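Reading the structure
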Amino acid sequence: MKGWTLTFVLAAVFGLCVGPFYWLAMAATHANSDIFSWPPRFYPGDQLAANTAKLEESIGLVNVLGNTLFVAVAQTAGAIVVSLLAGYAFAKFQFAGRNLFFVLLLSTLVIPGGVTIIPIFEMMNDIGLIDSFPALILPSLSVPFGIFLMRQSLLAIPDELLDAARVDGAGELRVLWRVVIPVMRPVLAALAVFLFLGAWNDFLWPLIALRTPEMYTLPVALATLQGLARTDFGQVMVGTAISSLPMMVLFLILQKQFISGLLAGATKG
Amino acid sequence: MTLTLPRPGRMTVPRRSFVTKRNIPYLLVLPALLGFMVFKAYPILAAMYISLTTGAGAARSFVGLDNYVRLVNDPLFWTSLWNTGLILVVQVPIMLLLALLLALGLNSSLVRLRGLWRLGVFMPSLTGLVAYGVMFSVILRKDAGLLNWLLSLFGVDPIDWLGSPFWARIAIVIALTWHYTGYNAVIYLAGLQSIPKDLYEAAMVDGAGSARRFWSITVPQLRPILLLTVVLSTIGTLQLFDEPFVLTGGGPDNSTLTISLYLYQNGFRYFDFGYAAAIAYALTLIVVGFGIAQMRMQKR
């Protein structure tokens, strides 16, 4: 009896958490005027294609999705490489300044992002990178959290494994490629998902750094759409649903890695 | 710069190569360090300098502590500080308590379909700002909003969530709680699962009831994780930006203007970089201060 009460409460919480997503998906299939009908429509309508077409017309959905995907993949791949290399050095090598570098890199975790955003904007402006993809990608390549996660996981790999490969004559990059990366695959996958979602959802910096609508990423394009005087929510809902989709899919596929990655110390916001 | 790979089968790195055994770790950390110096260390110092100036580009001039004097005398800054503090004091305890209860429920072996509920409660924390903001701005509409419809089923009159100062703050608290409670619950859940089972068994043998077991075993064992979430949530809330930016724009009547939002407005709406940088430094001081205070309390 007690178990059923608890199950019921959790199901209700589940409904509060997932309900808005369901409603969002349903709203994406209705016309603007019907989205705000009372009672709300919790069933699918027939306007999905029309809403999508309108969205393509107003923001260039295909182009914007391409931009977002390109930036997110480039950021993720770049940050993974940088984090792995640095984490490898911190975990497996002795060198002068190691602890100092590590503490310096991690210390920036507590610095509010607001502090760096103005100088980075000026820097990008001075070298003419505003309104370009490098402006979005470059600042996010050195990720303290990624370096920390890589270091922690690499510490768990026994040195003997690496030394065996070295004795066999493998150079450091070869050891990394042939021994470390295969062992690290689950952690790398977790980090990749985190970085990808962060990049995919990134809003403030792209909002500041991009100028022309052809360069916009999906979140920026959606935000400009919402700011219009007469918002057509049908298309906004389609865009919002599309922007939530990768997150849902990745999470469903990779929930185990997700949660282990989260526990390694991700921060709020 | 290219990394030269030694040919397979050779024990030593070619002599003229840049890649010597001594250099390897430095080459490995070089990209990370470059990123750190260009996009973290330099901007942090540059912002310090900018906060002591006014104007931009060639027209920039050094004004000493003027921006900070202006900050202390700026009622809007104090409003933003007050709003941020208020949301912090109300939202973080509510959220963490809910998260703990949720984690206890999700950990109970009495519950059916635990995996499904876990999946669901974690989902909100993965949503991007825009998706979540758009969703909530529609859900919270006064007329025909989903929340008001839900309340109307219980006979509650429509509430002007985003249009009145009082309710706008509550709306931000609701949005934040929706977004982050599951995230904290999952952290607690992992903590609960790492508590050794025999502690509970021993306590049961000694005749301890469930309340006693909770206060004498669960809470002390969970303490470090509880503290971690308090610190992370505090730091996160002090930097609160996304929700008020999308939902209320800081209004109505500046009731949801947060420090970060005020910083953004000064920097990128009025292009008053010097003043924005001064706000950023004030924020840093507050965040670091809170962080240190909470860490100290943990040691005790």
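Located above this text is the structure these notes cover.
Report follows, based on the coordinates. (Residues numbered from 1 in each chain as written. Chains lettered and ligands numbered in written order. Predicted model: local features only at pLDDT ≥ 70, side-chain atom pairs only at ≥ 80, totals over all residues. Heavy atoms only, no water.)

**So, the overall build of chain B**
Rules: By the criteria applied, helices consist of DSSP H or I runs no shorter than four residues and strands consist of E runs no shorter than two, each listed in order from the N terminus. Burial here depends on accessible area, computed with a 1.4 Å probe over protein chains only, as a share of the maximum for the residue type. Under 20% is buried, over 50% is exposed, and the range in between is partly exposed. In short, Shrake-Rupley with a 1.4 Å probe defines the accessible areas, and a residue's cover is counted only from the protein chains shown. Residues scored as charged are limited to Lys and Arg (positive) and Asp and Glu (negative), so that His and the chain ends carry no count. Where a charge lies is defined by one atom per residue type: Lys uses NZ, Arg uses CZ, Asp uses CG and Glu uses CD.
The secondary structure content of chain B amounts to twelve helices and two strands. Going residue by residue from the N terminus, the α and β elements of chain B occur as α-β-β-α-α-α-α-α-α-α-α-α-α-α. In terms of principal-axis extent, the alpha carbons of chain B reach across some 70 × 60 × 40 Å. Within the span of chain B, comprising 300 residues, buried residues form 51% of the whole. Of the roughly 14,700 Å² of accessible surface on chain B, 66% is carried by carbon and sulfur atoms. Within chain B, one finds 23 positive and 12 negative side-chain charges whose respective centroids are separated by 20 Å.

**Describing the nonpolar core**
For clarity, the cut-off: Residues belong to a common nonpolar core when they are buried Ala, Val, Leu, Ile, Met, Phe, Trp, Tyr or Cys residues joined through side-chain atoms within 4.5 Å. The start and end points of each domain follow an automatic or database-based domain assignment. Two residues qualify as a contact provided that any one of their heavy atoms is within 4.5 Å of a heavy atom in the partner residue.
Counting residues in each nonpolar core, the largest one holds 136 residues, and the members touching the most others are Trp23, Met124, Trp205 and Met237 of chain A together with Phe268 and Ile279 of chain B. Looking at this core, the element that brings in the most residues is helix α7 (residues 165-193) of chain B, giving 13 residues. No fewer than three residues from each of domain 1 (1-45) and domain 2 (58-267) of chain A sit in this core. If sequence neighbours within four positions are ignored, Ile279 of chain B has contacts with Leu71, Phe77, Ile259, Tyr262, Leu263 and Asn266 of chain B. Ala79, Phe93 and Met184 of chain A together with Leu33 of chain B belong to the second largest nonpolar core, which has 39 residues in total.

**Quick notes on the packing of helix α4 (residues 61-92) of chain A against helix α8 (residues 144-155) of chain A**
All names here are of chain A. Worth spelling out the cut-off: A fitted line through C-alpha atoms represents every axis, and for helices the fit uses only the stretch in contact; the resulting angles, taken between N-to-C directions, go from 0 to 180 degrees. Roughly parallel here means an angle under 35 degrees, roughly antiparallel means over 145, roughly perpendicular means 65 to 115, and every remaining angle is called oblique. Note on convention: the crossing is left-handed when the near helix lies turned anticlockwise from the far helix by less than a right angle, right-handed when the turn is clockwise. The classification used treats Ala, Val, Leu, Ile, Met, Phe, Trp, Tyr, Cys and Pro as nonpolar, Asp, Glu, Lys and Arg as charged, and all other residues, Gly among them, as polar.
Taken N-terminus to C-terminus, the directions of α4 and α8 make an angle of 45°; their axes are 8 Å apart at the nearest point. When the interaxial angle is binned, α4 and α8 end up oblique. α8 is crossed by α4, and the crossing has right-handed handedness. Across from Ser83, Leu84, Ala86, Gly87, Tyr88, Phe90, Ala91 and Lys92 in α4, the residues of α8 making contact are Gly146, Ile147, Met150, Arg151, Leu154 and Leu155. Among the residues forming the contact of α4 with α8, the class breakdown is nine nonpolar, three polar and two charged.

**Structural notes on a nonpolar patch on the surface**
Convention followed: Patches here: salt-bridge-free residues with over 30% relative accessible area, like charges joined within 9 Å, nonpolar side chains (Val, Leu, Ile, Met, Phe, Trp, Tyr) joined within 5 Å. Salt-bridge detection follows one rule: a side-chain nitrogen of Lys or Arg within 4 Å of a carboxyl oxygen of Asp or Glu.
Taken together, the side chains of Val89, Val90, Ile94, Leu97, Leu98 and Leu101 of chain B present a nonpolar region at the surface, about 540 Å² in accessible area. Owing to a relative accessible area of 59%, Val89 of chain B belongs among the exposed residues under this scheme.

**Details of the interface of chain A and chain B**
How we decide: Polar contact criterion, stated in full: a pair of N or O atoms within 3.5 Å, where within protein one must be able to donate a hydrogen and the other to accept it, and residues adjacent in sequence count only if both atoms are side-chain atoms.
Chain A puts 89 residues into the contact, and the matching count from chain B is 88 residues. Here Arg60 of chain B and Glu122 of chain A are joined by a salt bridge, their closest N and O atoms 2.7 Å apart. Viewed at the interface, chain B and chain A are joined by six residue pairs in polar contact (both at pLDDT 80 or more). With 15 residues, the top contributor of residues to the side of chain A that touches chain B is helix α1 (residues 2-27) of chain A.

**Brief notes about the pattern of salt bridges**
Under the counting rule described, the total for this entry stands at six salt bridges over all chains. With a shortest N-O distance of 3.0 Å, Asp163 of chain A and Arg166 of chain A are connected by a salt bridge. Here Asp163 of chain A and its partner Arg166 of chain A are both found in helix α9 (residues 159-167), three residues apart, which amounts to about one turn of the helix. The salt bridge involving Asp272 of chain B is made with Arg70 of chain B; its shortest N-O contact spans 3.1 Å. Residue Asp272 of chain B is found in the loop between α11 (259-269) and α12 (273-299), and its partner Arg70 of chain B is found in helix α2 (residues 66-72); the two are separated by 202 residues along the sequence. By relative accessible area, which is 39% here, Arg70 of chain B ends up partly exposed.

**A few points about the packing of aromatic side chains**
All names here are of chain B. Stated formally: Each aromatic pair joins two rings of Phe, Tyr and Trp (for Trp, the six-membered one) with centres within 6.5 Å, and gets the label stacked for planes under 30 degrees apart, edge-to-face for over 60, and tilted for any other angle.
Using the criterion set out here, one finds 29 aromatic pairs over all chains in the structure. Between Tyr132 and Trp178, the ring centres sit 5.9 Å apart and the planes meet at 20°, which makes this aromatic pair stacked. Note that Tyr132 is positioned in helix α5 (residues 129-139) and Trp178 in helix α7, a separation of 46 residues in sequence. Both residues of the pair, Tyr132 and Trp178, belong to the buried class. On the basis of an interplanar angle of 85° and a centroid distance of 6.5 Å, the ring pair of Tyr262 and Tyr275 is categorised as edge-to-face.

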